[in-house]
Amino acid sequence: MVNMLLIKLILYNFLEHRLKWALIFNCWNGNAQVKLSDSLMMENIYGQFWNINELNEGKVMSETYLKYKAPRVGVYFDFNCVKSEEILRKVSEEKLFRQHFHWLIYDDKSDSERFKQLFENFHMAVDADATYAFPNLEILSSPKNISYVTYDVYNNGYYLGGKLNMTVDREVQCSARVCELKRYLSSLHEKSRNDNRWLLRDITMRVSTVTTHLPPTAPPAEILEFLGSDDKKNVDAIARFGFTYLMMLKDTIGCQYFHNFTNSWSVTEVTGGVIGALGIDQSAELASSPFLITKARLNYVRPTMPLATFRQVCIFRIARNAGIRSEVYLEPFSARVWLIYVAIIFLIGFILWFTFVVEYRQLKLYLIFLPSLLSSCLVAFGSACCQGSFLMPGSMGGRITFFCLSLLTFIIYNYYASTVVAILLGSPVKSNIKTLGQLAESNLDVALEPIPYTMSYLNFSKLPETRALVRNKIQAKKDPQSVWLPIADGVRRVRDQPGYVYCTESFSSYSLIEREYTAEEICDINEVLFRPQEILHKQMNRNSSYMEYIKLKQVRILESGIHRRHQSIWVKARLPCYLSSASLVQVGLEYTAPLFIMLACVYGLVFMLLVLEIFWHKYLENIELREIVEGLMK
């Protein structure tokens, strides 16, 4: 028989859990149903009622009565009805003891052993929110005052080997007016539900473990030893990074792992590999490797924690002596400035020549010879090159003119020289190729690291620059398979062959580059993003019972600082360039060659002029000799 005291207990329990939606499964008479409905409505709780003895247990419970997922729904279930055990078994088959429902299971016979025998084989998980309540028959009570005892019921995961856990919680005193807490019977109230279930020592979680270096058919001990090691970080780096993080998570959970090995993130976007095991197949609770979020995957999995940045880059070096560059000596000034400067030199040369003429003819300061206009221009040019002069005006005006010329050319020369030196000794010139589209249209050879998600990305990406890379750099080759190059060979070829491009993942390549390259070679590297940069997340099935529980564990790892240290070991955001302004930078032949070529050309011209001048003088001597001979003959 139901009375108002039980109705008050139901209200007390639902209000304590702040529920506004209730499903009532009982076998009461009509009057009791009306009383409970009125009581729920007075507390603004919407209730739906079903008679347990009239339910068809053959129907799928999750698609009929318990199809709600959010917000949380309160479920009152009367354990004393004839078909109660049959309906509860169906609920267990449908795995409906989960976080979306708060179960209040009432037993007026207080037969906890019968309840335990029934529930110890039920599918329950760590997030189950079930309360078992019965009247405390050990305490004398009147019809107007009854005491109820409640138990917290859960299982860390029956299908993972967990055992039923029933912990006494509290005693509630109910009267016709109200129910109130009489006493706590344990320390459950001191912590949250997740804190009370902090360790899962009695279960073995299924883990989908990915490795691309070793075949999944290799001995499990060999695969686990490889994934747990930290030498040669460039080999299968993401899988090993995720695996070591998984081991830290294992220590905080306290459970055991059963590994199911695979060699890929996924076969398609949502099937196969670790993603298929978490999502569609539901054959694993955890994945050893973090992976990327896509719109299709969100239908099956949910991210729990960001772990690292996923960067795939195309790296290459530009040869510092790839070609002669003479423009560096013209770059300090624009063409207009050069023209004005040359005009000023000629103007000052003319003024100096005019000064020398006045001094020689009027002031009689130069008695030996009068410099020509060309000599005056050479004096002005020598001053512009800070080479001094063998001629010096003697008049005050001429000296002031020469002083102004020297001051002007000194200022310009120092600016020019410092600019040229800064260009020659500055950082190596970076490539103008900044995007994947530019790389696809260039004449550079491209190779790629043979990893499954790179192959998948090239097949399914619709980005125009990616399609252009596939068309121009892969399909255009006689042997398209030749573009797939192991990471060790690809990184070394980039170092030894400037202009060679290798597309790889930063997890794998950066540690190898730091070990194989010199500091100067690292600073010479150019990077182009192979695909948009994204975040790698640890993910679980979207309806997993362990979702919130694992999130709390991961937050604890993050707060402790262990994850930051672990990330600093495996994840490199960028390559370190340690060259500073104090470092020795050699000027290559591409910059100095123009000077030597110009010097060789000038000396060649001088030699030609010298030969012509010799022939000219011999010609003049022959003419003079002929004239003398002719004069003697006359």
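Read on for a plain summary of the structure. Throughout this document, residue positions are counted from 1 along each chain, in the order its sequence is written. Owing to the predicted nature of the model, reporting of local features is limited to residues with pLDDT of at least 70; listing and counting of side-chain atom pairs is limited to 80 or more, with chain, interface and lining totals taken over all residues. The side-chain values count all of the structure's non-hydrogen atoms but skip hydrogen atoms and water molecules.

**Focus on the overall build of the protein**
- Secondary structure elements follow DSSP: runs of H or I no shorter than four residues count as helices, runs of E no shorter than two count as strands, and numbering proceeds from the N terminus. Secondary structure summary: the protein contains 20 helices and 17 strands in total.
- About 33,900 Å² of surface is accessible on the protein, with carbon and sulfur atoms providing 58% of the total. The Shrake-Rupley method, run with a 1.4 Å probe sphere, supplies the accessible areas, and residue values consider only the shown protein chains as cover.

**A short note on the sheet that holds strand S10 (residues 256-262)**
- In this scheme, strands are said to pair when DSSP sees at least two bridges between them. If you walk across this open sheet you meet the three strands as S10-S9-S11, and the pairing is parallel. A single partner strand is all that each edge strand has here, and the edge strands are S10 and strand S11 (286-287).
- Pairing of strand S9 (residues 204-210) with S10 involves seven bridges; the strand directions are parallel. Bridged to Thr209 within S10 is Phe261.
- The strands that helix H6 (residues 220-228) touches are S9 and S10; relative to S10, the one it contacts most, it runs at about 95°.
- We call two residues contacting when some pair of their heavy atoms lies within 4.5 Å. Here an angle of 0 to 180 degrees is reported between the N-to-C directions of two axes, which are lines fitted to C-alpha atoms, with helices fitted over the stretch in contact. On top of the sheet, helix H7 (residues 237-253) reaches S9, S10 and S11; it is set at about 160° to S10, its chief contact.

**A word on a nonpolar patch on the surface**
- Each patch groups residues whose relative accessible area exceeds 30% and which form no salt bridge, using 9 Å between like charges and 5 Å between nonpolar side chains of Val, Leu, Ile, Met, Phe, Trp and Tyr. Think of a salt bridge as a Lys or Arg side-chain nitrogen and an Asp or Glu carboxyl oxygen that are within 4 Å of each other. Taken together, the side chains of Leu347, Phe350, Ile351, Phe354, Val358 and Leu373 make up a nonpolar region of the molecular surface, amounting to roughly 520 Å² of accessible area.
- Of the residues forming the nonpolar patch, the biggest block, five residues, is contributed by helix H9 (residues 335-361).
- Counting through the fold element by element, Leu373 comes out in helix H10 (residues 373-384).

**Some thoughts on the sheet that holds strand S14 (residues 446-448)**
- Within the open sheet, the four strands sit side by side as S14-S15-S13-S16. Their pairing is mixed. Either end of the sheet is taken by a strand with one partner, and the two such strands are S14 and strand S16 (525-529). Each strand of the sheet is rotated relative to its neighbour by a mean of 30°, with strand direction disregarded.
- Summarising the sheet, strand S13 (residues 312-317) and strand S15 (residues 501-505) pair through four bridges and their orientation is antiparallel. When the bridges of S15 are listed, Ile315 appears paired with Tyr502.
- Against the sheet, helix H15 (residues 487-496) engages S13 and S15, with an angle of about 135° to S15.

**Some remarks on the packing of aromatic side chains**
- Pairing of aromatic rings covers Phe, Tyr and the six-membered ring of Trp, with a centre-to-centre limit of 6.5 Å; geometry is then stacked below 30 degrees between planes, edge-to-face above 60, and tilted otherwise. Considering all chains together, one arrives at 19 aromatic pairs under this definition.
- Geometrically, the ring pair formed by Tyr106 and Tyr148 is edge-to-face, given 6.1 Å between the ring centres and 65° between the ring planes. Taken together, the residues span a long stretch of sequence, with Tyr106 in strand S4 (residues 101-106) and Tyr148 in strand S6 (residues 145-155) at a distance of 42 residues. Tyr148 shares its class with Tyr106; the two are buried.
- Between Phe119 and Phe122, the aromatic rings sit 4.7 Å apart at their centres with planes inclined by 50°, giving tilted as the arrangement.
- Charge-over-ring placement is defined geometrically: NZ (Lys) or CZ (Arg) within 6 Å of the ring centre, and within 35 degrees of the ring normal. Here Arg197 stacks its cationic end above the ring of Tyr154, 4.0 Å away from the centre of that ring. Relative accessibility decides the category of a residue: with a 1.4 Å probe and only protein chains considered, values under 20% of the type maximum give buried, values over 50% give exposed, and everything between is partly exposed.

**A few points about the packing of H9 against H10**
- One way to put it is that H9 packs onto H10 with a least axis distance of 8 Å and a crossing angle of 130°. On the basis of the axis angle, H9 is oblique to H10. Relative to H10, H9 is oriented so that their crossing is right-handed. Here H9 contributes Tyr341, Ile345, Phe346, Ile348, Gly349, Phe350, Leu352, Trp353 and Phe356 to the contact with H10, which in turn contributes Leu373, Ser376, Cys377, Val379, Ala380, Phe381 and Ala384. Should an angle fall under 35 degrees it is taken as roughly parallel, and over 145 as roughly antiparallel, whereas 65 to 115 is taken as roughly perpendicular and any remaining angle as oblique. With the far helix as reference, a near helix turned anticlockwise by less than a right angle produces a left-handed crossing, and one turned clockwise produces a right-handed crossing.

**Side note on a negative patch on the surface**
- Charged residues are defined here as Lys and Arg on the positive side and Asp and Glu on the negative side; His and the ends of the chain fall outside this count. Charged side chains are reduced to one point each, which is NZ for Lys, CZ for Arg, CG for Asp and CD for Glu. Taken together, the side chains of Glu621, Glu624, Glu627 and Glu630 present a region of like negative charge at the surface.
- Tracing the backbone shows Glu630 in helix H20 (residues 589-633).

**Quick word on the side chain of Asn136**
- Its location among the elements puts Asn136 in the loop between strand S5 (129-135) and S6.
- Within the structure, the side chain of Asn136 is placed 3.4 Å from the side chain of Glu171, a separation counted as a polar contact.
- Those residues in contact with Asn136 that lie beyond four places of it in its chain are Ser147, Tyr148, Val149 and Glu171. Here a polar contact means two N or O atoms within 3.5 Å. Within protein one must be a hydrogen donor candidate and the other an acceptor candidate, and residues neighboring in sequence count only if both atoms are side-chain atoms.

**Here we look at the pairing of strand S8 (residues 179-184)**
- One ladder, built from five bridges, connects strand S7 (residues 164-175) with S8; its direction is antiparallel. Pairing of Cys174 across the sheet is with Cys179, part of S8.

**Some details on the state of the cysteines**
- Pairs of cysteine sulfur atoms within 2.5 Å are identified as disulfides in what follows. Enumeration over the complete set of coordinates arrives at three disulfides.
- Disulfide pairing places Cys27 opposite Cys81 at an S-S distance of 2.0 Å. Of note, the bridge from Cys27 to Cys81 carries an S-S torsion of about -95° and is left-handed in sense. Taken as a pair, Cys27 in the loop between strand S1 (21-26) and helix H2 (30-42) and Cys81 in the loop between strand S3 (73-78) and helix H3 (84-93) lie far apart in primary sequence, 54 residues in all.
- Judged by relative accessible area, Cys81 falls into the buried class, the value being 5%.
- The side chain of Cys174 participates in a disulfide bridge whose partner is Cys179; the two sulfur atoms lie 1.9 Å from each other.

**A short note on the pattern of salt bridges**
- In this structure the tally under the stated criterion is 18 salt bridges.
- Notably, a salt bridge pairs Asp152 with Arg197, separated by 3.1 Å at the nearest N-O pair. With Asp152 in strand S6 and Arg197 in the loop between helix H5 (193-196) and S9, this pair connects stretches of sequence that are 45 residues apart. The pair Asp152 / Arg197 is uniform in exposure class, with both members buried.
- Between Asp496 and Arg495 there is a salt bridge whose closest N-O contact spans 3.0 Å.
- A cluster of three or more residues bridged by salt bridges with shared partners is formed by Arg492, Arg495, Asp496 and Glu516.

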